[in-house]
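As a plain string of letters, each chain reads:
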Amino acid sequence: MRTLSEAFDAGKILIPYIAAGDPDLDTTAEIIGELDKLGVGIIEVGMPFSDPLADGPIIQAASQRALAGGTNISRIFEMLEELRDVKTPIVLMGYFNPIMKYGEKSFIEDALSCGVSGVLIPDLPFDEGKEFYDICSEKGLCPIYMVTPNTKEERLSQIERKARGFLYCVSLLGITGDKRGPIEGIKSYMERVRSHVSVPLALGFGIDSPDKIRAVKPYVDGIVIGSAIVNIISEKADMGRKAIVNEVSVFTSALIDALRTALQP
Amino acid sequence: MDLKGYFGRFGGRFVPETLIPALEELEEAFYEAINDEAFMAQYRYLLKDYSGRPTSLYFADRLSKHLSDIKLYLKREDLNHTGAHKINNVLGQILLALRMNKKRIIAETGAGQHGLATATAAAKFGLECHIYMGLEDMHRQALNVYKMRTLGAEVIPVTSGTMTLKDATNEAIRDWVTNVSTTHYVIGSVVGPHPYPMMVREFQRVIGDETKEQILQKEGRLPDLLVACVGGGSNSMGMFYPFVNDKDVKMVGVEAAGYGIETGQHAAALTGGSVGVLHGSRSYILQDENGQIVPAVSISAGLDYPGVGPEHSFYHETGRVHYTHATDDEAIEAFKLLCETEGIIPALESAHALAFLVREHKNIEPGTLAVLCLSGRGDKDMEAIKGKLFEEEM
Ligand SMILES: Cc1ncc(COP(=O)(O)O)c(C=O)c1O
């Protein structure tokens, strides 16, 4: 498996997010395999939580379905364990309570032992999670921090000192799936962040189309697409695994094309 | 509490990064405000002339006789404007919102008492107001929904999850993340990320401060025992906090046991839960073996919450406060007793506090000087209780 920094060596990358266990973990595993083949940069795998307060309705519903199907952290690890030939680095995304309950140290060890590269916890800011994140860094699991358009300069430089892998820039003041994203002043926002930060910058929240990708790609190193993909999975849920994987594949290819084609003058 | 908002190992700021600047701004504004005599004067003025404070400390003589001659006083928070203690906190926070120039107000509500208080204060100050309420609670507390709408607030039904207070809180947080630059989120209890638990406590401590003064006047001494119900924990914290250093004052917090702790269908985070992170702070919560939040169950919409304020978790572990619980049935029995002995219809939440004394009075020495926080009145619960009190006739 490539490292996170190797992933960015290939140029601007796409970072799809999928909700593990929606509709079931076998499908999740197949989607990961397909995304790997398509040449995405990093795969973000969401661990479901009953009360995902940074998520909009689409990912909330996906989390509920995953939980109803019995998805939990151990089962996600078991699934990842089987995906040894996947070359694309995997970042786990989830809320802090299930991780606490699993055991913070065991979580870090088990994630590493099944090849996970990083962890992103939207309700654990860098300073609140200092102890946990320090252990992550020490053991080699990259803590992926989030910054938002209203993050102050002083905090940006504190985050920079701790950042590993890449920084997740939230595209607006809002939750996942918010169609308004990204904010209008995206250029100056990204420039402001970049003036403090040397790791690659990924932009996410509300980016749901090739057009939006074309609009923001000059300013970023990676683009996270979450709700748009999760939505496709839920819409095709009744048509079976093959149809789901196929739809995700078609959509993701279009996104990759948008990212790779030369900028229009 | 330390600088990061921790009470021992409880508290903190477990929130999306978007909210960090807002919490810092709020914390700073709060500390400035409480050191600003003009702000505090306006707050006290509103408590007095708008809400009708001080609320009385009333000796419940007939009820006392039923309780093995414990000498029981009721702190009558039910006599506040809008019928519960919630307005104490709301008035403080609305003044803060004005100070921070936030013109849009949001709140979550369970029983509707906090939503009602927020809608009331927003109307009084001409602020736009949106209240998130679980659909299930909107049915249980229909009167309060109607009142909030009458006051010009938009009541937004929450249909996610269990459709109760927990989910209303999620939605309010999502709204705040989205509208953080224009909006103040008025949290209704001593829960949430720092500075809320500390700030709400400071705006509720008027309950305990007044009680202390009143009991000294009436009895010439401090009480032996304080009793209050614990949902998120604001009325109890308001009552307890000013007495925390008075070592001889025993304190009992009563959580909702729903159908009984042993059934797993309850709302008792401290006495039936474990440590976790919910809605921005580390505290006792109801969760399963995978760290997923377990829905709370209680007849009382205001106690129907799977978390509790972090400072309560701290007092639970230090043993400063004793926490126990009362079931739906025990609360209903206590509700009836207060109606029949004192002519006071309590909120179902407050009835849980009394239920502790009804159950335990035989183990409490006669003559014990006790104060019970009667956090609210029962108008809102008449529909819910109707089927329980007069089943045969109706
Ligand atoms: C009358 C009354 N008492 C108590 C509560 C519980 O909240 P807390 O524990 O914060 O006082 C509520 C909440 O709605 C209430 O309306």
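Residues numbered from 1 in each chain as written. Chains lettered and ligands numbered in written order. Predicted model: local features only at pLDDT ≥ 70, side-chain atom pairs only at ≥ 80, totals over all residues. Heavy atoms only, no water.

### Overview of the site of the ligand
Residues and elements named next belong to chain B. The environment of the ligand is formed by 19 residues, the closest being Ser189, Gly231, Gly233, Ser234 and Ser375. With respect to the ligand, the backbone of glycine 232 contributes an N or O atom lying 3.3 Å from an oxygen atom. Take asparagine 235: an N or O atom from its side chain is 2.8 Å from an oxygen atom of the ligand. Per-domain counts for the shell around the ligand show at least three residues from each of domain 1 (6–48 + 86–196) and domain 2 (53–83 + 205–373). (Near = heavy atom within 4 Å. Polar contact = N/O pair within 3.5 Å; in protein donor to acceptor, adjacent residues only side chain to side chain. Domains from an automatic or database assignment.)

### Re the packing of helix H2 (residues 25–38) of chain A against helix H4 (residues 73–81) of chain A
Two numbers describe a pair of packed helices, the interaxial angle and the distance between the axes. All names here are of chain A. Packing of H2 against H4 brings their axes to within 10 Å, and their N-to-C directions diverge by 40°. Classified by the angle their axes make, H2 and H4 are oblique. Two packed elements cross with a definite hand, and for H2 against H4 that hand is right-handed. Contacts from Leu25, Thr28, Ala29 and Ile32 in H2 reach Arg75, Ile76, Met79 and Leu80 in H4. Residues that form the contact of H2 with H4 fall into these classes: 6 nonpolar, 1 polar and 1 charged. (Axes fitted to C-alpha atoms, helices over the stretch in contact; angles between N-to-C directions. Helix = DSSP H or I, 4+ residues; strand = E, 2+ residues; numbered from the N terminus. Parallel < 35°, antiparallel > 145°, perpendicular 65-115°, else oblique. Left-handed = near helix turned anticlockwise from the far one by under 90°. Contact = heavy atoms within 4.5 Å. Nonpolar A, V, L, I, M, F, W, Y, C, P; charged D, E, K, R; others polar.)

### Notes on the packing of aromatic side chains
Per the counting criterion, the structure on display carries 20 aromatic pairs over all chains. With centroids separated by 5.6 Å and ring planes inclined at 90°, the aromatic side chains of Phe30(B) and Phe203(B) adopt a geometry described as edge-to-face. Placement of the pair is Phe30(B) in helix H1 (residues 20–34) and Phe203(B) in helix H9 (residues 196–204), with a sequence separation of 173 residues. Each member of the pair, Phe30(B) together with Phe203(B), is buried. Taken together, the ring pairs connect Phe96(A), Phe126(A), Phe132(A), Tyr133(A), Tyr145(A) and Phe14(B) into an aromatic cluster. When the ring centre of Tyr241(B) is taken as reference, the NZ or CZ atom of Arg201(B) above it lies at 3.8 Å. Between Lys212(B) and the ring centre of Phe243(B), over which it is positioned, the NZ or CZ distance is 5.3 Å. (Phe/Tyr/Trp six-rings, centres within 6.5 Å; stacked < 30°, edge-to-face > 60°. Buried < 20%, exposed > 50% of the residue type's maximum accessible area, 1.4 Å probe, protein only. Lys NZ or Arg CZ within 6 Å of the ring centre and 35° of its normal.)

### Topic: the UniProt feature "modified residue: N6-(pyridoxal phosphate)lysine" (unreviewed entry) in chain B
Residues and elements named next belong to chain B. As annotated in UniProt, the feature "modified residue: N6-(pyridoxal phosphate)lysine" (unreviewed entry) corresponds to Lys86 in the numbering used here. Summarising the element assignment, lysine 86 is placed in helix H4 (residues 86–99). Relative accessible area serves as the criterion here: at 18%, lysine 86 is assigned to the buried category. (UniProt positions renumbered as here; feature names shortened; annotations may be inferred.)

### Considering the nonpolar core
Of all hydrophobic cores here, the largest spans 101 residues; its most connected members are Ile32(A), Leu80(A), Leu92(A), Phe107(A), Phe132(A), Leu167(A) and Ile225(A). For this core, the element with the most residues is helix H12 (residues 241–260) of chain A, which contributes 8 residues. Both domains that furnish three or more residues to this core are identified here as domain 1 (6–48 + 86–196) and domain 2 (53–83 + 205–373) of chain B. Tyr95(A), Met100(B), Tyr185(B) and Ile187(B) belong to the second largest nonpolar core, which has 69 residues in total. (Core = buried A, V, L, I, M, F, W, Y, C linked by side-chain atoms within 4.5 Å.)

### Considerations on the side chain of Arg155(A)
The residue Arg155(A) is located in helix H8 (residues 153–162) in this model. Note on Arg155(A): relative accessible area 7%, which makes it buried. The residues contacting Arg155(A), other than those within four sequence positions of it, are Pro125(A), Phe126(A), Asp127(A), Glu17(B), Ile20(B) and Glu24(B).

### Thoughts on unusual backbone geometry
With an omega of 0°, the peptide bond running from Asp22(A) to Pro23(A) counts as cis. Even without being a glycine, Ser68(B) presents a positive backbone phi close to 50°. Here Ser68(B) lies in the loop between helix H3 (61–66) and strand S4 (71–76).

### Describing the packing of helix H6 (residues 104–113) of chain A against helix H7 (residues 130–139) of chain A
Residue and element names in this part refer to chain A. Two elements in contact, H6 and H7, have axes whose closest approach is 10 Å; the angle formed by their N-to-C orientations is 30°. Judged on the interaxial angle alone, H7 and H6 are roughly parallel. For the pair H6 and H7, the crossing hand works out as right-handed. Residues Glu104, Lys105, Phe107, Ile108, Glu109 and Leu112 of H6 form the contact with H7, whose own contacting residues are Phe132, Ile135, Cys136 and Lys139.

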